[in-house]
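# Structural description and commentary
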Amino acid sequence: MVNRRAVLVFACMGAALALTVPAAAQEKLKVVATFSILGDLVRNVGGDRIQLTVLVGPNSDAHVYSPSPSDARTLADARVVFTNGLGFEGWITRLVKASGTKARILVASRGVKPRKAEEGGQEHGHDHGDADPHAWQSVANAKIYVSNIRDALAKADPAGKATYDANATAYLTKLEALDREVRDALARIPTDRRRIITTHDAFGYFKAAYGVDFIAPQGVSTESEASARDISRIITQIKRQKIPAVFLENITDPRLVKRIAEETGAKIGGTLYSDALTDEKGDAPSYIDMMRHNVRTLAAALTS
């Protein structure tokens, strides 16, 4: 006959063992992020407790993304879905509806002070309304994203709150150091040389935070096309203001910037990363790598 006390002891031991199973062996929280930059922020906070799927991967343009049936299935299985908001993912509402997901939908940019798109100088037709969605280009805004991500994960997975808090605190410390690094590097560039040309208006928050003037023939979305009038005006401006460099982006067609460089004599200063990270072999596999690369590329072109 089985001893009841022995059964109770073994049951308690089993429960204690279950509580100490590492996160990797537990069922992970299924989380979706809409694009690669947001995915990296989520990964830094979620760590080993989450199973993360990123819909729009490295070197891909979320502005023109077309969701697939497999994306709908991914959302249907998710517990939390992180979006950028501010009109960045014009397709997300349709995808959420098609998926029938019961996941929490969290707008990571909640609490960011939106920049109006027309503040960039050029207005073009796009799906973003009045807001510029590229808020992550300011490190201060990225810190807001991280806080929102932390709180959403803790709400969906209360048992992991301590982990999410610790991960977020460690990452926020890195972002604070990154912000100082960006400011220090740009402070060494003469003010009158802090003017550059990029393909589309993705750096408005960077401009407001760090004092570099970005001029773009396209609006805040790569879906819009630069008009002949816009291009002509920018070519005239480059020549008049002696703007030293134009820059490519990893998600846009380089031909427009190359044409502007040829017609003005401005040099091509390199590639900047605006809306997407690179893969692990590229220059910007993480958000911190992306910001460092962009600043170093700007500094090299504008001080030489």
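Residues numbered from 1 in each chain as written. Predicted model: local features only at pLDDT ≥ 70, side-chain atom pairs only at ≥ 80, totals over all residues. Heavy atoms only, no water.

What follows concerns the packing of aromatic side chains. Evaluation of the coordinates by the stated rule reveals seven aromatic pairs. Ring pairing ties together the aromatic residues Phe203, Phe206, Tyr210 and Phe214, which thus form one cluster. (Phe/Tyr/Trp six-rings, centres within 6.5 Å; stacked < 30°, edge-to-face > 60°.)

Locating Arg49 in the fold gives a position in the loop between helix H2 (36-46) and strand E2 (50-56). Reaching out from Arg49, the side chain makes a polar contact with the side chain of Asp157 at a distance of 2.9 Å. (Helix = DSSP H or I, 4+ residues; strand = E, 2+ residues; numbered from the N terminus. Polar contact = N/O pair within 3.5 Å; in protein donor to acceptor, adjacent residues only side chain to side chain.)

Attention now goes to the side chain of Asp157. Its place among the elements puts Asp157 in the loop between helix H5 (139-156) and helix H6 (161-187). Apart from residues lying up to four places away in sequence, Asp157 is in contact with Leu29, Arg49 and Tyr164. (Contact = heavy atoms within 4.5 Å.)

Here H5 spans 26 Å end to end across 18 residues, near enough to the 26 Å set by a 1.5 Å rise per residue. For H5, the complete set of buried residues consists of Val139, Asn141, Ala142, Tyr145, Val146, Asn148, Ile149, Ala152, Leu153, Ala154 and Ala156. (Expected span 1.5 Å × (residues − 1). Buried < 20%, exposed > 50% of the residue type's maximum accessible area, 1.4 Å probe, protein only.)

Now for the sheet that holds strand E3 (residues 80-83). Hydrogen bonds along the backbone pair up the strands of a sheet, which may run parallel or antiparallel. In spatial order, the strands read E2-E1-E3-E4; together these four strands make up an open sheet with parallel pairing. Edge strands, defined here as strands with exactly one partner in the open sheet, are E2 and strand E4 (104-107). Direction aside, the axes of adjacent strands within the sheet are offset by 20° on average. Here six bridges tie strand E1 (residues 29-35) to E2, and the two strands are oriented parallel to one another. From the neighbouring strand, Ala33 faces E2, where its bridge partner is Val54. (Pairing = 2+ DSSP bridges. Axes fitted to C-alpha atoms, helices over the stretch in contact; angles between N-to-C directions.)

Further remarks concern unusual backbone geometry. One non-glycine residue with positive phi stands out, namely Asn59, at about 60°. On the secondary structure map, Asn59 appears in the loop between E2 and helix H3 (69-77). Taking relative accessible area as the criterion, Asn59 reaches 38% and is therefore assigned partly exposed.

Attention now goes to the environment of Ala72. Counting through the fold element by element, Ala72 comes out in helix H3. What makes Ala72 buried here is its relative accessible area of 16%. Placed 23 residues apart in sequence, Ala72 and Leu95 show a C-alpha to C-alpha distance of 6.2 Å. If sequence neighbours within four positions are ignored, Ala72 has contacts with Leu95 and Ser99.

In this fold, Leu106 is placed in strand E4. The spatial distance from the C-alpha of Leu106 to the C-alpha of Phe82 is 4.9 Å, given a sequence separation of 24 residues. Apart from residues lying up to four places away in sequence, Leu106 is in contact with Val81, Phe82, Thr83, Asn148 and Ala152.

Let's shift gears to a positive patch on the surface. A cluster of basic residues, Arg79, Arg104, Arg110 and Lys155, forms a positive patch on the protein surface. Inspection of the secondary structure assignment puts Lys155 in helix H5. (Patch = residues over 30% accessible without salt bridge, like charges linked within 9 Å, V, L, I, M, F, W, Y side chains within 5 Å. Areas by Shrake-Rupley, 256 points an atom, 1.4 Å probe, with all protein chains shown as cover. Salt bridge = Lys/Arg side-chain N within 4 Å of Asp/Glu carboxyl O. Lys, Arg positive; Asp, Glu negative; His and termini not counted. Charge placed at Lys NZ, Arg CZ, Asp CG, Glu CD.)

Close approach of charged atoms allows side chains with opposite charge to pair. Under the definition given, this model contains ten salt bridges. For Asp165, the salt bridge goes to Lys161, with nearest N and O atoms at 2.7 Å. Of the two residues, Asp165 and Lys161 both sit in helix H6, four residues apart, roughly one turn of that helix. On the basis of relative accessible area, Asp165 is assigned to the partly exposed category, the value being 26%. With its nearest N and O atoms 3.2 Å apart, the salt bridge here joins Lys207 to Asp213. Of the residues examined, Asp213 reaches a relative accessible area of 23% and is grouped as partly exposed. Here the residues in one salt-bridge network are Glu181, Arg292 and Arg296, joined through shared partners.

If you trace the four strands from one edge of the open sheet to the other, you get E8-E7-E9-E10, paired in parallel fashion. A single partner strand is all that each edge strand has here, and the edge strands are strand E8 (213-215) and strand E10 (267-272). When strand polarity is set aside, the average angle formed by the axes of neighbouring strands in this sheet is 35°. Of the strand pairs in this sheet, strand E9 (residues 245-249) and E10 are connected by five bridges, and their pairing is parallel. Residue pairing in the sheet places Leu248 in a bridge with Thr271 of E10. Lying on the sheet, helix H8 (residues 228-241) is in contact with strand E7 (195-197), E8 and E9; it crosses E7 at an angle near 150°. On the sheet, helix H9 (residues 255-264) packs against E9 and E10 and is oriented at approximately 165° with respect to E9.

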